Amino acid sequence: MKDGSYHADVRYMSEAASERLNQDINANPNDRFDYENYYDTFFSVDFTVGNYDFPFEFRANSGGVSILIPESRVSEFHAEITNKEIMIQSPNYAAIQKNTTDYLTSAGLDEDVSIFNSAESYESQRNLAAMIRLFSTSFLILLTVISCANVFNVMTTSLNMRKREFAVLRSVGMTVKELFAMLCIENLWIGLFSVLIGGIASLPLCYLLYKNIVVGAVIRFVYPIGAYLIASLAMLLIMFITSIYGLWKIKKGDIIADVRNDFV
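Chains are numbered independently. Their residues run from 1 in the order of the written sequence. The predicted nature of this model means local features are confined to residues of pLDDT at least 70 and side-chain atom pairs, given and counted, to a pLDDT of 80 or more, with totals for whole chains, interfaces and linings taken over all residues. The basis for every side-chain value is the complete set of heavy atoms in the structure, and neither hydrogens nor water enter the calculation.

Engineer: Sorry if this is basic, but what is going on with the overall build of the chain here?
Structural biologist: A tally of helices and strands in the chain yields seven helices and four strands. The way it works is that DSSP assigns letters per residue, a run of H or I at least four long becomes a helix, a run of E at least two long becomes a strand, and they are numbered from the N terminus. Reading the secondary structure of the chain in the N-to-C direction produces β-α-β-β-β-α-α-α-α-α-α. When accessible area is computed with a 1.4 Å probe and restricted to protein chains, residues below 20% of their type maximum are described as buried, those above 50% as exposed, and intermediate ones as partly exposed. Per-residue burial for the chain yields a buried fraction of 17% across its 264 residues. Contacts are residue-level and defined by heavy atoms, with any inter-residue pair within 4.5 Å sufficient. Here the analysis covers contacts within the chain between residues at least 6 apart in sequence; of these, 64% occur between residues at least 24 apart. The accessible surface values rely on the Shrake-Rupley method and a 1.4 Å probe; as for residues, cover is taken only from the protein chains in view. Accessible surface for the chain amounts to roughly 19800 Å². Of this, 61% is attributable to carbon and sulfur atoms.

Engineer: How should the packing of helix α3 (residues 118–161) against helix α6 (residues 225–252) be read in this particular structure?
Structural biologist: To describe two helices that pack against each other, one gives the angle between their axes and the distance between the axes. Here α3 crosses α6 at 35 degrees, and the two axes come no closer than 10 Å. The way α3 lies across α6 gives a crossing that is right-handed. Between α3 and α6, the residues in contact are Cys148, Val151, Phe152, Met155, Thr156, Leu159 and Asn160 and Met235, Ile238, Met239, Ile241, Thr242, Tyr245, Gly246 and Lys249, respectively. Fitted lines through C-alpha atoms give the axes, limited to the stretch in contact for helices. The angle between two N-to-C directions lies from 0 to 180 degrees. Left-handed describes a crossing in which the near helix is turned anticlockwise from the far one by less than a right angle; the clockwise case is right-handed.

Engineer: Would you mind showing me how to read a nonpolar patch on the surface here?
Structural biologist: Patch membership needs two things, relative accessible area over 30% and no salt bridge, and members are linked within 9 Å if like-charged or within 5 Å if nonpolar (Val, Leu, Ile, Met, Phe, Trp, Tyr). A side-chain nitrogen of Lys or Arg and a carboxyl oxygen of Asp or Glu constitute a salt bridge if their distance falls within 4 Å. On the surface, a cluster of nonpolar side chains totalling about 640 Å² of accessible area is made up of Ile185, Leu188, Trp189, Leu192, Phe193 and Ile197. You can see phenylalanine 193 is positioned in helix α5 (residues 176–213). By relative accessible area, phenylalanine 193 is classed as partly exposed at 48%.

Engineer: I would appreciate a short explanation of the pattern of salt bridges in the present structure.
Structural biologist: Two side chains carrying opposite charge are able to pair once their charged atoms lie near each other. Taken as a whole and assessed by the stated rule, the structure comprises one salt bridge. With its nearest N and O atoms 3.1 Å apart, the salt bridge here joins lysine 98 to aspartate 102. Highlighted residues: lysine 98 and aspartate 102, both in helix α2 (residues 93–107), separated by four residues, approximately one helical turn.

Engineer: Sorry if this is basic, but what is going on with the nonpolar core here?
Structural biologist: It is characteristic of soluble globular proteins that their nonpolar side chains tend to be buried jointly. Formed by Leu159, Phe166, Leu179, Met182, Leu183 and Ile250, the largest nonpolar core amounts to six residues. With three residues, α5 is the largest single contributor of residues to this core. If we ignore the near neighbours within four places in the chain, the residues touching leucine 179 are Phe166, Leu169, Arg170, Met174 and Ile250. In these notes, a set of buried Ala, Val, Leu, Ile, Met, Phe, Trp, Tyr and Cys residues joined through side-chain atoms within 4.5 Å is what counts as a nonpolar core.

Engineer: Just to check I follow, could you spell out the environment of leucine 188 for this structure?
Structural biologist: Locating leucine 188 in the fold gives a position in helix α5. Sequence spacing of leucine 188 and methionine 235 is 47 residues, and the spatial spacing of their C-alpha atoms is 9.4 Å.

Engineer: Even after reading the chapter, I still don't get the packing of α5 against α6, so can you show me in this structure?
Structural biologist: In the contact formed by α5 and α6, the axes pass within 9 Å of each other and the chain directions differ by 155 degrees. Taken as axis vectors, α5 and α6 run roughly antiparallel relative to one another. Where α5 crosses over α6, the two elements pack in a sense that is right-handed. An angle counts as roughly parallel when it lies under 35 degrees, as roughly antiparallel when it exceeds 145, as roughly perpendicular when it falls between 65 and 115, and as oblique in every other case.

Engineer: Looking at this model, I keep getting lost on the environment of glycine 199. Mind explaining?
Structural biologist: Mapped onto the elements of the fold, glycine 199 is located in helix α5. Here the alpha-carbon distance between glycine 199 and tyrosine 228, two residues 29 residues apart in the chain, equals 7.1 Å. Among residues more than four places away in sequence, those in contact with glycine 199 are Tyr223 and Tyr228.

Engineer: What should I look at first to understand the packing of aromatic side chains in this one?
Structural biologist: To describe a pair of aromatic rings, one takes the distance between the centres and the angle between the planes. To pair, rings of Phe, Tyr and Trp, with the six-membered ring standing in for Trp, must have centres within 6.5 Å; the planes then decide the type, stacked if under 30 degrees apart, edge-to-face if over 60, and tilted in the middle. The full count for this structure, using the stated rule, is two aromatic pairs. Ring plane angle 40 degrees and centroid distance 5.8 Å describe the contact between tyrosine 207 and tyrosine 210, whose orientation is recorded as tilted. On the criterion of helical spacing, the pair formed by tyrosine 207 and tyrosine 210 is a turn pair, its members being three residues apart in helix α5.

In structure tokens, the structure reads:
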């Protein structure tokens, strides 16, 4: 989750719902069950990621998110005390953790008391996310450059092979401006078909990636419209640049020499 304010509905599975789920699983062990139908809404809460929003603290665990609340507010949320913690908020958390660990070790309580450093865990996850973002962005830029170079190379090769065709059109009275308009229309159609085919082909791939990534999590599938629009505009821009390059090659060429040669 990114830093910011969020609103969440905290839910739990009551004993009756859990028993009903176990009965359904035993009756139909091969079926797939939607666990959303077995949860009861507990309460709603606003919380902040990236900053401490006391008296609440949210922690990720293997089954979801744990909420820590002060003992004085247990009755307000109809909760039961499972364990107690002492929460310390300080900018010098590393020194406090070291001193506390040393004291517990010297007192022989290190096996009875566990210490969890929320700030250190948050910074570690933030650094990991930044590293993943850096590598993914670099890989995306590399793929983009390679793709743009391939498209431009294919289109310029096609233009070079059509030099004789352009020279014939110019020899019968077609102006450079009309040739440029023709190239723009051709490249526009090619770009639109490429965007359409790429978008249709990427939709099932995006869904397959989504199904593999969200195993065990409840995350809604969203088609990346923004990325699709950016890729579409980039493709049309490359086609326009190719048209300008083709116009420059046409103006630079010699009509008689190009008519005599099949292609150069």
